[in-house]
Amino acid sequence: MTTPVAGARATLTSWHLIPLFVVVALVIPQVTGGSYLFTWTAVAIWVLFAMGTNVVFGWTGLLSFGQVAFFGIGGYTVAVLHDRLPDLPGPVLLLAALLLASTVAAVFAVGALRTSGPEFAVLTLVLAQVLWLLTYRVRALRGDEGFTGLSGVPFGGDRVLRTDQELWYYTIAVVGIGCFALWRLHRSTLGASMRAVRDDPWRAAALGYKVRRTQIVAFSVGGGLSAVAGGLMVHHQGVASPDLLGFAISGEVLVACLIGGLRIFWGPAMGAIVLVWSHDLFSGTEIDTGLFVGVLLLLIVLVLPTGLGGLPAAVRRRRRPARPPKGLSAPPPGVPDDAGSLARTPVNALDVEDRR
Amino acid sequence: MSDLVVVDAVSKEYAGVNAVTDVSLTVAKGERLAVIGPNGAGKSTLFGMIAGEHRPTKGRVWFAGSDVTAWTPSKRASAGLSRTFQVARLFTSMTVRENVYMAALNGPGGARIRPWDNWLRHKGVWQLVDEVLESTSLSPLADASAASLAQGARKTLEMAMAVAQQPVLLLLDEPTAGMSHEDALGAVQQLKKLVQEQSDLTIVLTAHDMEVVFALADRVVLMAGGRTVVDGTPAEVAADPRTREIYLGTSAPKEVSL
Amino acid sequence: MNDLLPIVVSGVAQGVPIFVVASGLTLIYGVLHILNFAHGAFFLIGAYVLATQLTSTSLGSFVITVLFAGLVVMLIGMACEFFVFRRLYAAGSQVSFLGAFALFLALQGAAQLVWGDNPRTAQYPADLSGATEILGAFVSVYDVAVMAVGAAVAVGLFLMLNKSSLGSRVRAVAQDRVMATALGIRAPRVSLIVFAIGSFLAGAAGALTAPVTSVDMSLAASYIVPAFVVVIVGGLGSIQGALLAALLLGVMESVLFRYATWMTGFSYYLLVAVILMFRPQGLFGSFSRTTQIAR
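Residues numbered from 1 in each chain as written. Chains lettered and ligands numbered in written order. Predicted model: local features only at pLDDT ≥ 70, side-chain atom pairs only at ≥ 80, totals over all residues.

## A closer look at the pairing of strand β2 (residues 17–28) of chain B
Residues and elements named next belong to chain B. Examined bridge by bridge, strand β1 (residues 3–14) and β2 share eight bridges and lie antiparallel to one another. The partner of Y14 across the bridge, within β2, is V17. Linking β1 back to β2 in an antiparallel pair, the connection comprises two residues, with A15 at a positive phi of about 35°. (Pairing = 2+ DSSP bridges. Helix = DSSP H or I, 4+ residues; strand = E, 2+ residues; numbered from the N terminus.)

## Looking at the domain arrangement of chain B
All names here are of chain B. Domain boundaries assigned for chain B yield domain 1 (1–80 + 167–182 + 195–258) and domain 2 (91–166). A separation of 27 Å is found between the C-alpha centroids of domain 1 and domain 2. Domain 1 puts six residues into the contact, and the matching count from domain 2 is seven residues. Taken together, the residues of the side of domain 1 that touches domain 2 sort by class into four nonpolar, two polar and no charged. (Domains from an automatic or database assignment. Contact = placed C-beta atoms within 7 Å. Nonpolar A, V, L, I, M, F, W, Y, C, P; charged D, E, K, R; others polar.)

## So, the sheet that holds strand β7 (residues 169–173) of chain B
Residues and elements named next belong to chain B. Strand order in this open sheet of six strands is β6-β7-β8-β3-β9-β10, and the pairing throughout is mixed. Bordering the open sheet on either side are β6 (81–83) and β10 (227–232), each of which pairs with just one other strand. Here the average twist between neighbouring strands, direction ignored, is 20°. Note: strand β3 (residues 32–36) against strand β9 (residues 219–224), four bridges, orientation parallel. Note that in β9 the partner of V35 across the bridge is V221. (Axes fitted to C-alpha atoms, helices over the stretch in contact; angles between N-to-C directions.)

## Brief notes about helix α6 (residues 165–175) of chain C
All names here are of chain C. Of the residues making up α6, those classed as buried are R169, V170 and V173. Summarising the axial view, the buried residues of α6 lie within an arc of 100°, below the 170-degree limit, and thus occupy one face. Looking at the buried side of α6, the elements it contacts are α1 (4–32), α5 (141–163), α7 (177–182) and α8 (187–209). (Buried ≥ 20, exposed ≤ 12 C-beta atoms within 10 Å, placed from the backbone. Arc of directions from axis to C-beta.)

## With respect to the packing of helix α2 (residues 35–59) of chain A against helix α11 (residues 267–282) of chain A
Residue and element names in this part refer to chain A. Two elements in contact, α2 and α11, have axes separated by 8 Å at closest approach and are oriented at 140°. Here α2 is positioned oblique relative to α11, judged by the angle of their axes. In terms of crossing hand, the pair formed by α2 and α11 is right-handed. The segment α2 lies against α11, with T39, A42, V43, W46, V47, A50, M51, T53 and N54 engaging P268, A269, G271, A272, I273, L275, V276 and D280. Of the residues that constitute the contact of α2 with α11, the class distribution is twelve nonpolar, four polar and one charged. (Parallel < 35°, antiparallel > 145°, perpendicular 65-115°, else oblique. Left-handed = near helix turned anticlockwise from the far one by under 90°.)

## Re the nonpolar core
Inside soluble globular proteins, nonpolar side chains tend to come together where they are buried. With 280 residues, the main nonpolar core has W46 of chain A, V100 of chain B together with I45, V230 and A246 of chain C as its most contacted residues. Formed jointly, this core draws a minimum of three residues from each of two domains, domain 1 (1–80 + 167–182 + 195–258) and domain 2 (91–166) of chain B. Look past the residues within four positions of V100 of chain B in its chain and what remains in contact with it is V129, V132, L133, A160, M161 and A164 of chain B. (Core = buried A, V, L, I, M, F, W, Y, C linked by C-beta atoms within 7 Å.)

## So, the environment of F62 of chain C
All names here are of chain C. Tracing the backbone through its elements, the reader meets F62 in helix α3 (residues 59–88). C-alpha of F62 to C-alpha of Q123: the two residues are 61 residues apart in sequence and 9.3 Å apart in space. Apart from the residues within four sequence positions on either side, F62 is in contact with L54 and P125.

## Observations concerning the environment of I216 of chain A
Residue and element names in this part refer to chain A. Relative to the assigned elements, I216 resides in helix α9 (residues 211–237). In this structure, the C-alpha to C-alpha distance between I216 and V274, residues 58 residues apart in sequence, is 30 Å. Beyond its immediate sequence surroundings of up to four residues, I216 is in contact with A106, A109, V110 and L113.

This is the structure in structure tokens:
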């Protein structure tokens, strides 16, 4: 998202987000009902999961195939803490999940970022698999038996949030806070340095930006927010089991980011909406959602790299005749203007191919 | 010491190939040094070792009084080193103005900026950005996306970014490579202007084009086969018989086996 | 020491099937720079084809069905290369990786449509059932046969890559596609052939694994991750690396199973983590493509 030039027209600030979320929070339960509210809650959770993941993927250009690891850490942290200390308020549980996951993510990134590209992607996958195995091997995590009775969110005093409505408000509030924080991050200098590191890590380093450190911070933020989403998910489903660390979830969250558009702030949110609702749509039929998601991803990769969010811009470009590149003198054919294209994202910030 | 850069008996070996062998060099503050030589002479590698891209297999590199041999490029940049690349590297998702802004943000002008500040709000930095855009004639393109620029403009933008860093040492990697003749002349003019405006800026450049060397450098080092062969003023080096030998190949320079 | 030998042998028996799966993967990566996630689906389809098409327990019939499975998957793989990957080469390895993942999901979904959710089983061919003793370890005859196949694959690939004219063309394209084209090598054709070989190997590996396990949808994921690990530990693009890594991991698993059962399943992951920390390019890999700029 190209941010406006300083001093220009009034822009949407993060404070405008608050009324937006309040409206969404209030309207949805009125407009939908019953089981749909349940699905919308899942949508909200996936919005947070995808937006958090995109900090790593779209903003910083790191392909991480193991985001589900942090989703799972979040879910299990909430489950285990709630089991041991049933009176701890919900927000404290989520905070614990956030802190634990961000730390694990940072520690992991420090080591794993010595590699790049496919090696890094596979290492993230390995992390997710190791954690999945741990849920079976560590007795305290209870394997297939898992944790149950998590649908009640303790909320200070004797209050426990239990109904679909209450859980919706809780979830949307947390997701709103998360998105608010992300908006601020996106606008910040740190956010800009993530984009710089993604666009050209050599150039960023030559300007004095600490590439590795920026990547680690991004990975940590993405892990933390994914964990909060995981924590919300165990309340939503009422249980925590090894399914929380399922292989497919990693792929699906990346797909959500891609469908909506990596370079668009709200892209992953749009993608999450499409993904969760299509799961719902296909759940009754024989068609596996994987097939739908796979075909959709294939189309995006082949035809519309900027994702669905990039559709308006792509359509506009089709309508206008191609403009010559800009230069100071009559230029030879220049670089095409597709700054948002998926194809421009390097595999990993450090994966640079010398085409000489 | 008044020497800004000291390269001390530096060698670089890659997989059996000696790219640079036992090169020692000093660059004084304010000096304008050109490193020239035929392909494979080792100039890019030497350049890379000063910039931080490559780590010497032997020897040390000093910059501004510190031993920077193990320093990353970004650490050297923070110490006042800025560089351009042979093929311009830009932030393609940002506009020309924003690219220069990102460069300036990390220079001395942006020292008090914290990571959570809104990235576009630093007024002092914007002033510097506008000045740099003006002096490099990029102002008409300021709001264009960096990805849409043609070759010449890309190199100029890179130059603007390097200047916006307010460096102590500027490294230029083949500043006119790949440019049309017109663009190259323009670039040389820009550089001459820069050289005159900032008389205490130290510059090290690699070049193939002798015109560029004569226009900008007050000292030239000729490399061949990974070693420095001739060192002197442009006129001295041009007149040196070894120069002709190396470029015209009357006797083959020390071969680098690949 | 006598204790160790049977463990090693059974470890080798475990590692070889992973090598056969990984060999196609590393070949495709080495030449086309694509980490082919869809390989997992190829493997799965190979297993299903064998499980559903095998009718008798005769050895001949088994061999033919394995080859048939390989062929089916080969055709699917070639279609993937032609219609999908071909368009993505220019866009870089990340996009290809995502495309491969998309194909993985789509093919797995399609497999589910075709064959349904129920697990399938396949019979050992009668001639290869039973167990035998090698160096003190009890190994099934089938495992020995698979080891023989693995050895044949390793030798075959080595000969193909190093001694045949196709091999030299493949190596040229692997090193520098543009240059190879300039020298008159038909890179698109070479890519197609490499993909054909790689996917054939994946399908055949799946077919060979079918009698040993229950064939269901989870097979794709459970074999692709160890295969990735083997490819990366061995060094992307190196066949001997993949062989060494597969054997190493098989033996590690075997040792852990004997001495520290609670750690089984982790060895792959721990090994990859440790090796990549100290040698990011893997055992036999090279740093030709990536350069570190931040330490």
